[in-house]
Each structure stands twice: as structure tokens, then as C-alpha cells.
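The lines below spell out each chain.
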Amino acid sequence: MKLIVEQCQRYAKMRAHTATHLIHTELAKIFKTTKQAGSLVDEDYLRFDFNADRLLSPEEIYDIEKNINQMIYDAYIVEVKETSYDEAIKLWAKAFFEDKYGDVVRVVRVFNHSNEIVSIELCGWTHVLNTKDIWCFAITWQEAVASWVKRITAVVWPKVAVRMHEIQDILDTTVEKLWIKTPTQLADKLDKTLKEYDDMKASLESLETNMIKDILQSKNFTSDKIFEKIFTISSDLNFKNVTFQAKWLFPDSTICVYTKEWNFLILAKKGASAKKITEEIGIKWWGTDGMVQWRDEKILQVFK
Ligand SMILES: [Zn+2]
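Remember, it's a predicted structure, so these values are computed and weren't measured experimentally.

What to know about the overall build of the protein
Then, in step 1: A tally of regular secondary structure across the protein gives eight helices and 11 strands.
Then, in step 2: For 304 residues, the compact-globule formula gives about 19 Å, and the C-alpha radius of gyration of the protein, at 33 Å, lies well above that figure.
Then, in step 3: Its C-alpha atoms put the protein at 95 × 50 × 40 Å along the principal axes.
Then, in step 4: Out of the 304 residues in the protein, the part that is buried amounts to 38%.
Then, in step 5: Long-range contacts, defined as pairs at least 24 residues apart, comprise 58% of the intrachain contacts of the protein with a sequence gap of at least 6.
Then, in step 6: Between the mean site of the 42 positive side-chain charges and the mean site of the 45 negative ones, the protein shows a separation of 5 Å.

Shown next, in the form of C-alpha cells:
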């Protein structure tokens, strides 16, 4: 039993490894100067890092998948041959020059039905003997891991089926949550929902602005010898908007607006300095002469 499991795992890695070579071939068609920057091969799963200045377009991903699946369908022979390193380089095998190679190397070649070489690499790993044994191939993810290093993650059968089920699950859940009937309605529904969200946000912002204006224009304030008006407002209000409205409503008054959560705003009328006022009331903070706005715990003690 253990032997069977081990064999299955070995075949799963062989499928993924031969697929890695095919990805390399496909990428070389797109990026003239691409170079492998690392790879990870697991059971029916692979990760391939390569040097490129940009990510692949959706069309390029589709083409790579299509071409590799075509090579699988066409059942190309995979040949592993031991030869001398010099002979292998003459055959234009892709070698990683950072790696050390012995005198005898393994050349892995994939031939099409016209006996032309589709892929050739120096490689010590085991491979399937025919591309048809990969069964099926799908790219699942791509990302930039560094500015010059891009990463592709892919699966081969049977993980392609697992991946399809995962995507189907995500789609089913999304369709259900959005109260639509089929995934084809997703884009429309999302557009509609985002529009509703934007409209609602705009109307909430306008409501809030009116509320802030009402508070600032109300008689609900105190005053002292420094400030003509002192407002305590709810910290639920957008303080940036409060600042904007206060500046607009009271260009000629010295006022203070604060929340119980340490936000404070000091506006100074012409001839006064908001910076100096903060020093006078014992809070030292920078700002302009016209306005100081900051968050500070000490404000609690000052205005208590
Ligand atoms: Zn290899």
C-alpha cells in the first residue's frame, strides 16, 4: 500500500515537472529574454518564477494554457538522454549557469510529431514519458514577487478538477449572497451594487455635511476669554469635514472644536495665532498661525 502511495506521489510530481518545462517553452515565446528564477514542483502543483519586466496579460495566460493543453492532447514524446555537458550545450539545452553540472548530464527533450524539439533542458528530475500523461493543465495564479521576478502557479490533473470545484464553490456562494440566479449576472449586479454604494455614500456625506453645519451654526457652544466659540462634537462625524466646514463658516473668529477622543481644531481670527494659543493653553503642537488641528490626549485634561 505504502509503495502504491509513493508511486502515485511520484507520478504526480512527474506530471507537474514536465508541465514546468512546457511553461518555460511557452514563456520563451512571449518574453525573448526570459530566464527561470526558481521553481517548486509538488504533487500536481507547480510554481515557476521567471525574469520579466511585466505580468502576463489574460490573453497570454489563456494562450499558454491552450498551447500546453494542446501539447498534452497531441501526445508528444518526452525523451531523457544522458550525454556530455558540452554536447548538451551544443544541443542548446537550457542550463542554469549558476548550477554546477558534472561531465555527464541529463537532457530532457520534448518532440512534436514532425520530430522537432519543442522543449530542451538540462534536468536531473524524472518526467512523464509522453505529454499526454500530464492529462490537463491550468494556471491558477500569477504575481510579481519582485520588480524583475514574476511568478506563475499552476496545477495539472487531477488538481485541475479540484481547482474547478473551488472556483465553482466561490461562484455559488457569491451568486447566493448577491441574490442573483447565475454567475453571468455577476458583473451587472456588481456594477449596480457599486453604483448604489457610491450614491448612498454621496448622500450620507451630504447629510453629514448638513449636520456639521447645523451643529457649528447652533447656539450649542460655550466660550471663554480665548475662544469665542467652543464646540464639543461627536467623534462619529468626519473630523476632516468638520475642519473644512468650520474654516469656511468662521473665517473671522477664534474657535475651538474638539471631540472626546482627542481630536481638536483651533481656528484663529485675523491677527491671532493658533500656534500661540495652543502654547497658552498648555498644548505644544505645530500648525499654522491660522489653524492647528491634531489628535492629542492632553486635550482631555485641558477642556475637562
Ligand atoms: Zn526540469
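Focus on the domain arrangement of the protein
Then, in step 1: Entries for the protein in the domain assignment read domain 1 (2–177) and domain 2 (203–303).
Then, in step 2: For domain 1 and domain 2, the distance between their C-alpha centres works out to 63 Å.

Examining a nonpolar patch on the surface
Then, in step 1: Where nonpolar side chains cluster on the molecular surface, the patch consists of Met1, Ile4 and Val5 and spans about 340 Å² of accessible area.
Then, in step 2: Tracing the backbone through its elements, the reader meets Met1 in the segment before helix H1 (2–30).

Remarks on the coordination of the zinc ion
Then, in step 1: Here the zinc ion is held by His17 (NE2), His21 (NE2) and Cys123 (SG), and the distances to it run 2.1 to 2.3 Å.
Then, in step 2: Read in sequence order, the donor residues coordinating the zinc ion give the pattern H-x3-H-x101-C. Placement of the pair is His21 in helix H1 and Cys123 in the loop between strand S5 (117–122) and strand S6 (137–146), with a sequence separation of 102 residues.
Then, in step 3: Looking at His21, the relative accessible area reads 3%, which means it is buried.

A few points about the pattern of salt bridges
Then, in step 1: Per the counting criterion, the structure on display carries nine salt bridges.
Then, in step 2: We note a salt bridge from Arg15 to Asp44, for which the minimum N-O separation is 2.8 Å. Of this pair, Arg15 sits in helix H1 while Asp44 sits in the loop between strand S1 (36–42) and strand S2 (45–51), and the two are 29 residues apart along the sequence. By the burial criterion, Arg15 is buried, and Asp44 matches it.
Then, in step 3: Its salt-bridge partner being Arg163, residue Glu166 comes within 3.5 Å of it at the nearest N-O pair. A residue pair is termed a helical-turn pair when its members lie 3 or 4 positions apart in one helix, as Glu166 and Arg163 do in helix H4 (residues 159–177) at three residues.

Quick notes on the sheet that holds strand S3 (residues 77–84)
The strands making up a sheet are joined through hydrogen bonds of the backbone, oriented either antiparallel or parallel.
Then, in step 1: The three strands lie next to each other as S3-S4-S5, forming an open sheet whose pairing is antiparallel. The open sheet has two edge strands with one neighbour each: S3 and S5. Sheet twist, expressed as the average angle between the axes of neighbouring strands with direction ignored, equals 20 degrees.
Then, in step 2: In terms of strand pairing, S3 meets strand S4 (residues 104–111) through eight bridges, oriented antiparallel. What sits directly across from Thr83, in S4, is Val105.
Then, in step 3: Of the strands in this sheet, S3, S4 and S5 are in contact with H1, which crosses S5 at around 115 degrees.

What about the nonpolar core?
Then, in step 1: One finds Ile23, Leu27, Ile68 and Phe137 to be the most contacted residues of the largest nonpolar core, which totals 31 residues.
Then, in step 2: Among the elements of the structure, H1, S2, helix H2 (58–73), S4, S6 and strand S7 (149–156) are those that each provide at least two residues to this core.
Then, in step 3: Beyond its immediate chain neighbours, meaning those up to four positions away, Ile68 contacts Leu22, Ile23, Glu26 and Phe137.
Then, in step 4: Membership of the second largest hydrophobic core comes to 13 residues, among which are Ile212, Ile233, Phe239 and Ile255.

Calculation rules
Residues numbered from 1 in each chain as written. Predicted model: local features only at pLDDT ≥ 70, side-chain atom pairs only at ≥ 80, totals over all residues. Heavy atoms only, no water. Helix = DSSP H or I, 4+ residues; strand = E, 2+ residues; numbered from the N terminus. Rg over C-alpha atoms; globule rule 2.2 N^0.38 Å. Buried < 20%, exposed > 50% of the residue type's maximum accessible area, 1.4 Å probe, protein only. Contact = heavy atoms within 4.5 Å. Lys, Arg positive; Asp, Glu negative; His and termini not counted. Charge placed at Lys NZ, Arg CZ, Asp CG, Glu CD. Domains from an automatic or database assignment. Patch = residues over 30% accessible without salt bridge, like charges linked within 9 Å, V, L, I, M, F, W, Y side chains within 5 Å. Areas by Shrake-Rupley, 256 points an atom, 1.4 Å probe, with all protein chains shown as cover. Salt bridge = Lys/Arg side-chain N within 4 Å of Asp/Glu carboxyl O. Donors = N, O, S within 2.8 Å, 3.2 Å for Na, K, Ca; no water. Pairing = 2+ DSSP bridges. Axes fitted to C-alpha atoms, helices over the stretch in contact; angles between N-to-C directions. Core = buried A, V, L, I, M, F, W, Y, C linked by side-chain atoms within 4.5 Å.

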